[in-house]
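Commentary on secondary and tertiary structure
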Amino acid sequence: MGSSNRLFSRQRTVHEILGGGLVADVMLWRKGNLTMGILLVTLAAWVVFEKSGYTLLSLVSNVLLLLIVILFLWAKSAAILNRPAPPLPELYLSEEMVNEVGALIRANVNYFLSASRDIALGKDARLFFKAAAYLLLVSIVGSLTDFLTLGYTSLVVVLTVPALYERYEDYIDSCTILGCRKMQQLYVKFDSKFVNQFRKWILERQKLS
């Protein structure tokens, strides 16, 4: 199928668009065992949270507490019995890494603040409607489900939709392009029939006034 018949006339494959690395392999089920493992572990975590009444904060705290106790007892017993200490890597953040993360956060926060200012001052109507639509969508989704279920559902979508699209992309692309062409034709008809008439009516009213 030629690039002219692809969505957005793209030249790259789905795997290349997703980065072509391990993440792309997992999302497209190139590493099926790993993808299935992620889904099963996430499902198990979701069931534990839903049925046990645990929250994410309480579960993480208990896991970390258990881990610290095990490592502490291991280290003490190793010192008494002349055994090797727990094999822990050196935990260290370099100044370069901190500066890179800080610069990335700063750039994104500044972009968000600049976009918010443009919206508040009415400088970018398109951005305003886009932000309003996203916020409305988040509000509707948030009222229908909780954060944990939303996170699990999002993961399932991420791990299934790209793989299904890659498998049936010829059919999906052709149907989507055909649908877009139909919508464009309908828009042209609507514009010529109603919008132009409305514009003519406004011009006539202006001339009469």
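Numbering of residues starts from 1 in each chain and follows the order in which that chain's sequence is written. Local features in this predicted model are restricted to residues whose pLDDT is 70 or higher, and side-chain atom pairs enter the listing and the counts only when it is 80 or higher, whereas totals over whole chains, interfaces and linings include all residues. Working from all heavy atoms in the structure, the side-chain values ignore hydrogens and water.

For the purposes of this entry, the term helix denotes a DSSP run of H or I that reaches at least four residues, the term strand denotes a run of E that reaches at least two, and both are numbered from the N terminus. In this structure, Thr149 sits in helix α7 (residues 147–167). For Thr149, a relative accessible area of 18% corresponds to the buried category. Pairing of N or O atoms within 3.5 Å defines a polar contact, subject to two protein rules: one partner must be a possible hydrogen donor and the other a possible acceptor, and residues neighboring in sequence count only if both atoms are side-chain atoms. There is a polar contact of 3.3 Å between the side chain of Thr149 and the side chain of Trp46. Contact definition: two residues touch when any of their heavy atoms are within 4.5 Å. Those residues in contact with Thr149, other than ones at most four positions away along the chain, are Trp46 and Glu50. For each residue, the accessible area found with a 1.4 Å probe, counting protein chains only, is set against the maximum for its type, and the residue is called buried under 20%, exposed over 50%, and partly exposed in between.

Glancing now at the packing of aromatic side chains. Two numbers describe a pair of aromatic rings. These are the distance of the centres and the angle of the planes. Stacked, tilted and edge-to-face are the three classes applied to pairs of Phe, Tyr and Trp rings, where Trp contributes its six-membered ring and a pair requires centres within 6.5 Å; stacked means planes under 30 degrees apart, edge-to-face means over 60, and tilted covers the rest. Inspection of every chain in the model, using the stated rule, returns two aromatic pairs. A ring pair is formed by Trp46 and Tyr152, whose centres lie 5.8 Å apart and whose planes are at 15°; its orientation type is stacked. Note that Trp46 is positioned in helix α3 (residues 32–52) and Tyr152 in helix α7, a separation of 106 residues in sequence. For Trp46, a relative accessible area of 25% puts it in the partly exposed group. By relative accessible area, Tyr152 is classed as buried at 18%. Geometrically, the ring pair formed by Phe128 and Phe129 is edge-to-face, given 5.2 Å between the ring centres and 65° between the ring planes. Taking relative accessible area as the criterion, Phe128 reaches 39% and is therefore assigned partly exposed.

Per residue, pLDDT measures the predictor's confidence, with a range of 0 to 100. Summing up the model confidence of the protein, the mean pLDDT is 82 and the portion of residues at 70 or higher is 92%. The lowest-confidence element of the protein is helix α8 (residues 169–208), averaging 78 in pLDDT; the highest-confidence one is helix α5 (residues 95–120), averaging 88.

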